[in-house]
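Close look at the chain arrangement
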Amino acid sequence: MSLTAGIVGLPNVGKSTLFNAITKQNILSANYPFATIDPNVGMVVVPDKRLDFLNNLYKPKSLVPTTFEFTDIAGLVRGASLGEGLGNKFLSHIREVDAICEVVRCFENDNIIHVENNVDPIRDIEIIEVELILSDLEIVENRLNKIGKKATLSKDKQVQEEAQILIKLKSALEKNIPIRRIELDENEEAYIKSFNLLTNKPIIYVANVSEDDLLTKDNKYVDMVKEYALKDKAQVVTICAKVESDLSDMQDDEKKEFLNELGIEESGINKLINASYDLLGLKTFFTAGEDECRAWTFKSGMKAPKCAGIIHTDFEKGFIKAEVMSYSDLEKYGNEKSVKEAGKVRLEGKDYLMQDGDICYFRFNV
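Cut-offs used in this document
- Residues numbered from 1 in each chain as written.
- Predicted model: local features only at pLDDT ≥ 70, side-chain atom pairs only at ≥ 80, totals over all residues.
- Heavy atoms only, no water.
- Helix = DSSP H or I, 4+ residues; strand = E, 2+ residues; numbered from the N terminus.
- Buried < 20%, exposed > 50% of the residue type's maximum accessible area, 1.4 Å probe, protein only.
- Contact = heavy atoms within 4.5 Å.
- Areas by Shrake-Rupley, 256 points an atom, 1.4 Å probe, with all protein chains shown as cover.
- Disulfide = S-S within 2.5 Å.
- Expected span 1.5 Å × (residues − 1).
- Pairing = 2+ DSSP bridges.
- Axes fitted to C-alpha atoms, helices over the stretch in contact; angles between N-to-C directions.
- Patch = residues over 30% accessible without salt bridge, like charges linked within 9 Å, V, L, I, M, F, W, Y side chains within 5 Å.
- Salt bridge = Lys/Arg side-chain N within 4 Å of Asp/Glu carboxyl O.
- Lys, Arg positive; Asp, Glu negative; His and termini not counted.
- Charge placed at Lys NZ, Arg CZ, Asp CG, Glu CD.
- pLDDT = per-residue confidence, 0-100.
- Phe/Tyr/Trp six-rings, centres within 6.5 Å; stacked < 30°, edge-to-face > 60°.
- Core = buried A, V, L, I, M, F, W, Y, C linked by side-chain atoms within 4.5 Å.

Moving on to the overall build of the protein. From N to C terminus, the protein includes 15 helices and twelve strands. Burial analysis of the protein (366 residues in total) assigns 48% to the buried set. Within the protein, counting contacts between residues at least 6 apart in sequence, those at least 24 apart form 69% of the total. Carbon and sulfur atoms make up 46% of the accessible area of the protein, which amounts to about 18900 Å² in all.

It is worth spelling out the pairing of strand β1 (residues 4–8) at this point. Taken across its five residues, β1 has five buried, putting it largely inside the fold. What you see with β1 is no split at all: T4, G6 and V8 on one side and A5 and I7 on the other are buried throughout.

The next subject is the state of the cysteines. According to the stated counting rule, one finds zero disulfides in the structure shown. Among the cysteines around C307, which has no disulfide bond, C360 carries the closest sulfur, lying 7.4 Å off. The exposure class assigned to C360 is buried, which follows from its relative accessible area of 6%.

So, about helix α11 (residues 268–279). Under the 1.5 Å per step criterion, the end-to-end length of α11 is 16 Å for twelve residues, consistent within 8% with the ideal 16 Å. Looking only at α11, the buried set comprises G268, I269, L272, I273, A275, S276 and Y277. Remark: G281 follows α11 within two positions and exhibits a positive phi of approximately 70°.

Below, the discussion takes up the sheet that holds strand β5 (residues 99–105). Strand pairing in a sheet is mediated by backbone hydrogen bonds. Such pairs are either parallel or antiparallel. Read across the open sheet, the six strands follow the order β2-β4-β1-β5-β6-β7; overall the sheet is mixed. Whereas interior strands pair on both sides, the edge strands pair on one side only; in this sheet they are β2 (40–45) and β7 (236–239). Direction aside, neighbouring strands of the sheet carry axes that sit 25° apart on average. For β5 and strand β6 (residues 203–208), the ladder comprises six bridges, and the chain directions are parallel. The residue bridging V104 from the neighbouring strand is A207, located in β6.

Another aspect to go through is the pairing of β7. Along β7, the buried face is formed by V237 and I239; none of V236 and T238, which line the opposite face, is buried. As paired strands, β6 and β7 are joined by four bridges and run parallel to one another. Of the residues in β7, the one forming a bridge with Y205 is V236.

Together, D252, D253, E254, E257 and E261 make up a region of like negative charge exposed at the surface. For D253, the position within the fold is in helix α10 (residues 252–262). Among the residues examined, D253 registers a relative accessible area of 62% and is labelled exposed.

Per-residue confidence for the protein averages 86 on the pLDDT scale, and 89% of its residues sit at or above 70. Per-element confidence in the protein ranges from a low mean pLDDT of 67 for helix α3 (residues 87–95) to a high of 97 for helix α14 (residues 327–333). Between residues 26–37, whose pLDDT stays under 50, and residues either more than four places distant or in other chains, the model counts 33 contacts.

Below, the discussion takes up the side chain of R50. Its location among the elements puts R50 in helix α2 (residues 49–58). Contact partners of R50, with chain neighbours within four places excluded, come to T284, F286, Y327, D356 and G357.

If you walk through the whole model with that rule in mind, you get ten aromatic pairs. Ring centres of Y191 and F195 lie 5.3 Å apart, and the angle between their planes is 80°; on these two criteria the pair is classed as edge-to-face. For the pair Y191 and F195, a shared accessibility class is recorded, and that class is buried. Where F285 meets F362, the ring centres are 6.0 Å apart and the plane angle is 90°; that geometry is what we call edge-to-face. Residue F285 is located in strand β8 (residues 282–287), and its partner F362 is located in strand β12 (residues 358–364); the two are separated by 77 residues in the primary sequence. Classification of F362 as buried rests on a relative accessible area of 6%. The structure contains a cluster of three or more aromatic residues connected by ring pairs, namely F285, W296, F298, F319 and F362.

By size, the foremost hydrophobic cluster in this structure holds 61 residues, and its most contacted members are L18, F68, F70, I94, Y205 and L272. Contact partners of F68, with chain neighbours within four places excluded, come to L3, A5, G42, M43, V44, V46, I273, S276, Y277 and L280. I133, L169, I182 and L184 belong to the second-largest nonpolar core, a separate cluster that totals 18 residues.

Residue placement: F70 occurs in strand β4 (residues 67–72). Here F70 falls in the buried class, since its relative accessible area comes to 0%. Sequence spacing of F70 and N40 is 30 residues, and the spatial spacing of their C-alpha atoms is 8.2 Å.

This is how it looks when you write it as structure tokens:
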């Protein structure tokens, strides 16, 4: 599964500090615009307590968690769609990701320059949104100009339908409405997929707060972001990039102690990773045994043969059956033998829709 969440935001909102903490990579992070010029890609481990349980049960020689990619994209500025800052280069980097994590500054700090000179999270969100909308509008208008006359003169039903879809998109974008907020049927969704429109990508808002506000959980800026996010039916994850940076340098025991001192159950990074994983429609199945316990990422709605193919193409080509038990049953009964005795192990065929937490043994013949 090669799916990527892109971290975007205005300069100096804490993007690169957060990315450093997420991926534990020492990329350039500086207190001035465009410190990050090229997109940085990092693989992140998806936190999953179920894998810890499997590890304790099977005591395998190898334990492999599931991962996916975060991309840190340099800060956008007002006028990016017209080439301001590093403009179109950055917009093209966003176009390559599957989901957007937009970091929004929700803290006051006179020592950290704000590109717009003061803190206003809604203005910041709208600056980025307008640039993405303008970029999408240019793509839609260019395509409409190419087929517009043909759609008017031709009796080709397909061309006419295409023009109608483009007009619908253009109308929304001209009203500053992102594509993800308009209703599209299956045919319309399938048609626009190849355009890779920026405002059609799912989004999470990441509210970056100060350490004090993280502890008090009282921040007017975060409340503003949460209200705005309702328009996109989007999640808001509150983090303190400074705290996450400190945590990234600690051992597991130190992290737990530090989080306990702060009165926090889970780090903001773990919340963001899991939220991004869900936003991308990703799920996890497992293979488990004495040699290896491994988590595998699959897209929600995938059938058993396709999931088998994630492990090896031969598994999909020669798929016969999948022997499946659910993680919840294994946890309940304590071991494989007891799960089998309870009649909870199933043989599933080619039409079986894989479920999150399935533990599988694939039967195949090539």
